[in-house]
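# Chain and residue survey
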Amino acid sequence: MFLTRFRMNTARPGARRLLSSPQVLHAAVMASFPALLPTDTATASPDGPRVLWRLDQNARAEVLLYVVSPDKPDLTHLVEQAGWPAAAADPQTPGWQTRPYGPLLDRLAEGQQWAFRLTANPVHHIRRKADEPRKRTAHLTPVHQTAWLIDRQQRGGFRVVEKSRGERLLPSGTTYNDHEHHGDRYELTVGDRRALAFDKSRGEGGRGSRVSLVTVTFDGRLEVTDPGAMRRTLTQGIGKAKAYGCGLLTLAPLAGRA
């Protein structure tokens, strides 16, 4: 497994085109793996590692593309379209950074705490009328989006760390079983909400069905409870819309810790 980071040059038209459509960016990411056939993603084992990607925008307005993949990518085409080709002319600095992911995966252990980030597509299934089929619908509030993540933490091999009583904002005597106060219980922020809508290409330039989805980014602190399940989460992702930049959870050391 490999973890790759690529910085977008947002001043370039190619970058703006890629950033305007998750469908187009997904195709560009998959083109980074010459040995991976287009059908491989559809027939891949649901229990095996897969290509995951995520866009992050930091405080300096930099847009970073992160990719986790079983194979080492070649992002030369992305450098040419959306990077800094002149700066990447030196073979020692090709325009992206790729590191083996195995060392981090191998050292995961129960009880470790990490900072984490996850961009996800929190959804649920509802039935508006008794005789209608259930329909996939986005969670729209931070409270319900938080509950969506908490519902997945056990099988994901982690738990989101809870705030100490002194850090919580609710008045004393409030019960934390109250669903409406779910968001104040955890060391977790829910931000960067995006409502995306784009056409799903049929190939050969054809326009397919319209895709609409809501994404949010979770930042917080977690504790590893099951290292094996945590490894699966890091290499297989969480939730739906993985082809559109959702599901990739990454870890970072906590500030002030080695």
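Now for a description of the structure that goes with this document. Nothing here was measured: the structure is a model prediction, and the numbers come from that model.

## Regarding helix α2 (residues 22–30)
Among the 9 residues that make up α2, 7 are buried, leaving the element largely enclosed by the rest of the structure. Listed in full, the buried residues belonging to α2 are Pro22, Gln23, Leu25, His26, Ala28, Val29 and Met30.

## As for the pattern of salt bridges
Here the structure, examined in full by the defined rule, presents 8 salt bridges. For Glu62, the salt bridge is made with Arg7, and the minimal N-O distance between the two is 3.5 Å. Of this pair, Glu62 sits in the loop between β2 (52–57) and β3 (63–69) while Arg7 is found in strand β1 (residues 2–8), placing the two residues 55 residues apart along the sequence. Arg7 gets classed as partly exposed once you look at its relative accessible area, which sits at 37%. Here Asp56 ties to Arg54 by a salt bridge, and the two come within 2.7 Å at their closest N and O atoms. We note that Asp56, like Arg54, is buried. Taken together, the salt bridges that share partners define one network made up of Arg54, Asp56, Arg117 and Asp219.

Procedures and definitions
Residues numbered from 1 in each chain as written. Predicted model: local features only at pLDDT ≥ 70, side-chain atom pairs only at ≥ 80, totals over all residues. Heavy atoms only, no water. Buried < 20%, exposed > 50% of the residue type's maximum accessible area, 1.4 Å probe, protein only. Helix = DSSP H or I, 4+ residues; strand = E, 2+ residues; numbered from the N terminus. Salt bridge = Lys/Arg side-chain N within 4 Å of Asp/Glu carboxyl O.

Read these as layout, nothing more, since geometry by itself doesn't imply function.
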